[in-house]
Amino acid sequence: GVALSYVGLRMLAGTMPANFPEIENAARTAGFVGFCLGWFMTFIVYDTPGEIFRRMGFVKGWLVLEFISVGVIISGISVQRAISALLWPGFSTVTEYFKTDLAADLFMAVAAFLLITFIMQLRRLVGEGVMWNMITGRYHRPRTERRIYMFLDIKDSTALAERLGDEKTHALISDVFFLADRLVSEYRGEVLSYNGDELVASWREDRGLKDSRCLTCYRDIVAALEARADHYRETYGVMPEFWAGFHVGEVVVGECGDSKLSIVHIGDTPNTAARLEHHAKDLGRTCLASGALIKRLQLPDTIRADPLGTVALKGHSHDTEIFAIELI
């Protein structure tokens, strides 16, 4: 649409012949270049192979992506121009096009993609769900939702910091959370915050319950850590593990702040998930989930929930039914 609008404006201005071959070439070129860049961003940059790009700083990553996009755009324009020269008699050749119109078309295409990549980088900076919710104003007025919360806390982080030092401990935590974050996104969840050595994620209830996404996400995070065990031991001398807590229930979600606007989750539900994570440490069980959540899930064969009865969690006057999650 942007490309065709640009071509239309150029035709009206008299800087491009107003004929069907030019319109057909513009539509085909826009489709081809858009497909190539979309494939690159979707299946390379924001998938497993693109880890190297996502680990770059904001500006560096943005400029590297833009540099690659320039190569893709020039190649795409050249290929489609050559095809048009074969399809349409009298159509300008690639050489002629490079001398006359390439600079203007390239400037327009690069400017458009510069804005797109900036927005995509900004989305990573604030979080995909947060950015979209801010733009749409979903939580401008606080609203009550039913949500699932997952609290993950790296085991023995204090001892790790004393052993590795602050800088290397930060590198380990960043390495682990980089992996966990990707899996939360793949399972349609949102990473809400990183609190030191703790990651907090959430699902809207319908999304998290479907196919037991919340717990299968946890299962796959653990499996991914185990698959990279050699890397962690060689790099940091340890194999990181988590304490985890899960709960589901009502929560009030709304915007908060001024100079730094955030979407905050207020209610007993996230607090209960956090207390279940802490209680897991007390019991020596890696992961605890509330009965309220487990009774609404159809667990896959790879996950077992062992009932542990009820307990009054710290700060609660009521009992909470709890289950220990075991990965088979």
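Above: the structure in question.
What this report covers is the structure whose coordinates are included nearby. Bear in mind that the values here come from a model prediction, so they are computed numbers and not experimental data.

It is worth spelling out the overall build of the chain at this point. When you go through the chain residue by residue, the secondary structure sums to 14 helices and eight strands. The C-alpha radius of gyration computed for the chain amounts to 26 Å, which surpasses the reference 20 Å derived for 328 residues by more than 25%, pointing to a less compact arrangement than a globule. Across its three principal axes, the chain shows a C-alpha extent of roughly 80 × 45 × 45 Å. Taking all 328 residues of the chain together, 42% fall into the buried category. Counting every atom, the chain has about 17400 Å² of accessible surface; 59% of that belongs to carbon and sulfur.

The subject of this paragraph is the nonpolar core. Among the nonpolar cores identified, the biggest contains 43 residues, and Met150, Tyr218, Ile221, Phe246 and Ile325 are the most heavily contacted of them. Setting aside chain neighbours within four positions, we find phenylalanine 246 in contact with Tyr149, Met150, Cys214, Leu215, Tyr218, Ala273, Leu276, Cys287, Leu288, Ala289, Ser290 and Leu293. Counting 14 residues, the second largest nonpolar core, distinct from the first, contains Phe53, Ile77, Leu102 and Leu106.

A word on the packing of aromatic side chains. On inspection of all chains with the given rule, the structure shows five aromatic pairs. Ring plane angle 80° and centroid distance 5.6 Å describe the contact between phenylalanine 20 and tryptophan 88, whose orientation is recorded as edge-to-face. Pair noted here: phenylalanine 20 is in helix α2 (residues 20-45) and tryptophan 88 is in the loop between α4 (58-87) and α5 (94-100), with a separation of 68 residues, a long-range link. A relative accessible area of 24% places tryptophan 88 in the partly exposed class.

Take the side chain of glutamate 145 next. On the secondary structure map, glutamate 145 appears in strand β1 (residues 143-154). For glutamate 145, a relative accessible area of 8% puts it in the buried group. A distance of 2.8 Å separates a polar atom in the side chain of glutamate 145 from a polar atom in the side chain of arginine 147. Other than its neighbours up to four places away in sequence, glutamate 145 contacts Arg138, Tyr139, Arg204, Gly249, Glu250, Val251 and Val253.

We now examine helix α13 (residues 268-283). Compared with the 22 Å implied by 1.5 Å per residue over 16 residues, the 22 Å span of α13 between its first and last C-alpha is a close match. Those residues of α13 that sit buried are Thr269, Pro270, Thr272, Ala273, Ala274, Leu276, Glu277, His279 and Ala280. Note on α13: the residue one or two positions beyond its end, glycine 284, has a positive phi of about 75°.

A separate point is unusual backbone geometry. Unlike most non-glycine residues, aspartate 156 shows phi in positive territory, near 55°. By the element assignment, aspartate 156 lies in the loop between β1 and α8 (157-164). Backbone geometry at serine 212 places phi at a positive 55°, although glycine is not the residue there. Mapped onto the elements, serine 212 comes out in the loop between α10 (205-209) and α11 (213-227).

A word on the pattern of salt bridges. Counted under the stated rule, the structure contains 17 salt bridges. Between arginine 138 and glutamate 145 there is a salt bridge, and its shortest N-O distance comes to 2.8 Å. Each of the salt bridges in this network shares a partner with another, and the network as a whole consists of Arg138, Arg143, Glu145, Arg147 and Glu190.

Attention now moves to a nonpolar patch on the surface. A cluster of nonpolar side chains, namely Phe32, Val79, Ile83 and Leu87, defines an oily patch on the protein surface of about 320 Å² accessible area. Element by element, the count of residues in the nonpolar patch is highest for α4, at three residues. Along the chain, phenylalanine 32 turns up in helix α2.

For the rest of this paragraph, the subject is the pairing of strand β4 (residues 242-256). By the criterion of burial, β4 is predominantly enclosed, with 11 of the 15 residues buried. Pairing between β1 and β4: 12 bridges, direction antiparallel. Note that in β4 the partner of glutamate 145 across the bridge is valine 251. With three bridges connecting them, β4 and strand β6 (residues 287-290) associate as parallel partners. The residue of β6 that forms the bridge with alanine 244 is cysteine 287. Across five bridges, β4 lies against strand β5 (residues 262-266) in antiparallel orientation. Residue pairing for β5: valine 253 is matched across the bridge by histidine 265.

Reading guide: rules and limits
Residues numbered from 1 in each chain as written. Predicted model: local features only at pLDDT ≥ 70, side-chain atom pairs only at ≥ 80, totals over all residues. Heavy atoms only, no water. Helix = DSSP H or I, 4+ residues; strand = E, 2+ residues; numbered from the N terminus. Rg over C-alpha atoms; globule rule 2.2 N^0.38 Å. Buried < 20%, exposed > 50% of the residue type's maximum accessible area, 1.4 Å probe, protein only. Areas by Shrake-Rupley, 256 points an atom, 1.4 Å probe, with all protein chains shown as cover. Core = buried A, V, L, I, M, F, W, Y, C linked by side-chain atoms within 4.5 Å. Contact = heavy atoms within 4.5 Å. Phe/Tyr/Trp six-rings, centres within 6.5 Å; stacked < 30°, edge-to-face > 60°. Polar contact = N/O pair within 3.5 Å; in protein donor to acceptor, adjacent residues only side chain to side chain. Expected span 1.5 Å × (residues − 1). Salt bridge = Lys/Arg side-chain N within 4 Å of Asp/Glu carboxyl O. Patch = residues over 30% accessible without salt bridge, like charges linked within 9 Å, V, L, I, M, F, W, Y side chains within 5 Å. Pairing = 2+ DSSP bridges.

The values reported here are purely geometric and, on their own, carry no functional implication.
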